[in-house]
Amino acid sequence: MTDISAESRGGGRNPVAPGAGRTVASAVPQSLISRLARGVTAGGVEGQNPDTVQTTAPLTGELLATLPRSTPADVETAFGLARRAQKAWAALPLRRRAAVLLRFHDLLLKRQDEVLDLVQAETGKSRLHAFDEVLAVVMVARYYGRTAPSLLRDRRRGGAIPVLTHTIEARRPKGVIGQISPWNYPLELSVGDALPAFAAGNGVVNKPDTQTALTALWARELLIEAGLPADLWQIVIGDGPVIGPAVVERADYVSFTGSTRTGREVAQQAAARLVGASLELGGKNAMLVLADADLDRAVDGAVRACFSSAGQLCVSVERLFVHRSVAEVFLAKFAERTRAMRLGGGLAYGAEMGSLSSERQLEVTVRHVEEAVKAGATVLAGGQARPELGPLFFEPTILDGVTPDMAVCTEETFGPVVSVYRFDTEDEAVTVANSTPYGLNSSVWTKDGRRGRAVAARLRTGTVNVNEGYAAAYGSVASPMGGMGDSGLGRRHGAEGILRYTEGQTIATQRLMPIAPAYGLDDAKFAMLLSKGLRAMKALGFK
Ligand code: NAD
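The rules behind the values
- For every chain, the first residue of the written sequence is number 1, and numbering continues from 1 along that sequence.
- Since the coordinates come from a predicted model, pLDDT governs what is reported: local features require at least 70, and pairs of side-chain atoms require 80 or more to be given and counted, while whole-chain, interface and lining totals use all residues.
- As a rule here, side-chain values come from all non-hydrogen atoms in the structure, and water together with hydrogens is ignored.
- When a residue's accessible area, from a 1.4 Å probe over protein chains only, is under 20% of the maximum for its type it is buried; when over 50% it is exposed; and in between it is partly exposed.
- Only runs of H or I of at least four residues qualify as helices and only runs of E of at least two qualify as strands under DSSP, and these elements are numbered from the N terminus.
- Think of the arc as the fan of directions from the helix axis to the C-beta atoms.
- Between two residues, a contact is recorded if the distance between any of their heavy atoms is within 4.5 Å.
- Contacts described as polar in this section are N or O atom pairs within 3.5 Å, which, within protein, must combine one atom able to donate a hydrogen with one able to accept it, while residues neighboring in sequence count only if both atoms come from side chains.
- Two strands qualify as a pair provided DSSP detects at least 2 bridges between them.
- Patch membership is restricted to residues that have no salt bridge and whose relative accessible area is over 30%. Joining uses 9 Å for like charges and 5 Å for the nonpolar side chains Val, Leu, Ile, Met, Phe, Trp and Tyr.
- Here the Shrake-Rupley method, with its probe set to 1.4 Å, supplies the accessible areas, and only the displayed protein chains count as covering residues.
- A pair is scored as a salt bridge if a Lys or Arg side-chain nitrogen falls within 4 Å of a carboxyl oxygen belonging to Asp or Glu.
- A crossover counts as right-handed when, viewed with the strands pointing away from the observer, the path leading from the first strand over the helix to the second turns clockwise.
- Two rings from Phe, Tyr or Trp (for Trp, the six-membered ring) form a pair when their centres sit within 6.5 Å of each other. Planes less than 30 degrees apart are called stacked, planes more than 60 degrees apart edge-to-face, and all others tilted.
- Whether a charge sits over a ring depends on NZ of Lys or CZ of Arg being within 6 Å of the ring centre and within 35 degrees of the ring normal.

Turning next to helix α16 (residues 449–458). Looking at α16, one finds that the buried residues are Gly452, Val455 and Ala456. End-on, the buried residues of α16 take up no more than an arc of 105°, which puts them together on one face. For α16, the exposed residues set more than 90 degrees away from the buried face come down to Arg450, Arg453 and Ala457. Packed against the buried residues of α16 are β10 (285–289), α15 (426–434), β16 (441–445) and β17 (463–466). Capping the start of α16 is the job of one residue whose side-chain oxygen sits 3.1 Å from the backbone nitrogen of arginine 450: aspartate 448.

In terms of strand pairing, strand β1 (residues 51–56) meets strand β2 (residues 63–69) through six bridges, oriented antiparallel. Bridge pairing in β2 links aspartate 51 to arginine 69. Here β1 folds back onto β2, and the loop between the two strands holds six residues, one of which, glycine 61, carries a positive phi near 80°.

This next bit is on a nonpolar patch on the surface. A contiguous nonpolar surface patch, about 390 Å² in accessible area, is contributed by Leu512, Met513 and Tyr519. By the secondary structure assignment, leucine 512 is in the loop between β20 (502–510) and α19 (523–539). The class for leucine 512 is exposed, based on a relative accessible area of 73%.

Attention now moves to the pairing of β10. Within β10, five of the five residues are buried, which leaves the element mostly enclosed by the surrounding structure. The alternating pattern of β10 places Asn285, Met287 and Val289 and Ala286 and Leu288 on opposite faces, both of which are buried. Sheet analysis places β10 next to strand β11 (residues 317–323), joined by five bridges and oriented parallel. Counted as the bridge partner of leucine 288 is phenylalanine 321 from β11. The parallel pair β10 and β11 is bridged by helix α11 (residues 295–307), and the resulting crossover is right-handed. Examined bridge by bridge, β10 and β16 share four bridges and lie parallel to one another. Note that in β16 the partner of valine 289 across the bridge is tryptophan 445.

For the rest of this paragraph, the subject is the packing of aromatic side chains. In the structure shown here, the tally under the stated rule is seven aromatic pairs. Between the aromatic rings of phenylalanine 321 and tyrosine 421, the centroid separation amounts to 5.2 Å while the plane-to-plane angle is 25°, which identifies the pairing as stacked. Of the two residues, phenylalanine 321 is situated in strand β11 and tyrosine 421 in strand β14 (residues 417–423); the sequence distance between them amounts to 100 residues. One exposure class covers both phenylalanine 321 and tyrosine 421, and it is buried. Feature note: the residues Phe307, Phe330 and Phe334 constitute an aromatic cluster, connected by ring pairs. Across the ring face of tyrosine 185, the terminal group of lysine 125 is positioned such that the distance to the ring centre comes to 3.4 Å.

As structure tokens, then:
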């Protein structure tokens, strides 16, 4: 690894947060793992002789869990079980289904410490960043628990011919949703995306990333405790390229979160089967600090936006654009604040950033930083791995002098690395921020809210946060979240986040007269009468 001198790092190493005294092994005992493992659909319904997969704890590199590995035949079994359970579930009144989400809301808040341990053990993130997941899921549970009955109820619509045609729009469940989730937000991207699917009357076959399967299995247990029929949510685990396609092959709709590369494959496979898919993919998110920004707030916001979950957050900021007039002051404060961030892997609150989650993420992070430094970039903070804290720790890192030929400028790092760029005009900042095939999230900082929203409207991303990095838009669960361009298709959250799991059905009942010449009317008179009727409908303001 390139040795980046203390001077070029801006001096000083990140301090270490005090440990918690609890080990991963004591927080996630074998008895818990064995219990959760029984929730995997593997080895046939009788659960005989499953092949196994192993996961390691990123914080220590130790073996974490041995779990049964599902086969494509198990995926078939999972769909069969979920389909049978779905029929009875869909027949329940909407309010009863929604009530399960509201009970889950309360249980999750009460039992959060159990899952915080699991999320930390499986991902290596700090406890505060693990809590972000609890927060997000609780908000989604409340939102759909409260709104699903009204979002999905039958609605009276204007009929073809007023009075004579009685029309309702109904929403039917798709059936069984195939849900494929990544490892970075294991609670939120498993159960969080499944909750609206259940509320809409579907079953779900979920393939979480193997590395973070325990969290999904725990969430399934809790949802069953809240009243979900056990067979309705099936969890299968195994190699992505084997089990993922087996799920897509059988799903009535696919909800995928992961990389753009895999998302393209999933979309093609779903398209060939003519089933719909929502794809929540990668990003290269930008933050714009305008000349009139409150710099102290922007610095704090940048720390959260760039380094939450060690940058392994789809909406985290990897490109930071600062107006030239404030760049010197902003960067001095940002670098100082970043160098002071407390790192640590304790299973307690206190660390401001934890570890990366896998060797692959550490390798990409190191490669992006080393290549950039070799090609002339300067390290304003961080820049080094911290193996004495754990095998996958890397310091929160700020790079200056990054140019478009460097991978870190254009490719998603998905690590704790941000590059800073200076701009002179708003137009220039918007143009450069938009010059990426991705379009997931962005952030604008200014004391003038109206100006912030005007800049936001020019940014090609599915969410834009004004005076916040990502949490304001992501936490606004009543409004859609997702990506433009290479960042995906479809949206989670809001009405779209539940309607995607339904089929619209129009039921129109014709009364008294057919929509055709009748009662002795000849065709010409019928056409004349209807033409008059259409003119009258427009004049009377019919839609
Ligand atoms: P990935 O695409 O490698 O894996 C995602 C999931 O797909 C895993 O469960 C994996 O096993 C499975 N998979 C792998 N190959 C498959 C195949 N051929 N068919 C079907 N499934 C397959 O992504 P990752 O590295 O685990 O996750 C990180 C990526 O996810 C980043 O790019 C990040 O930006 C993105 N992400 C996006 C969002 C969002 O909401 N937009 C949220 C979180 C993560």
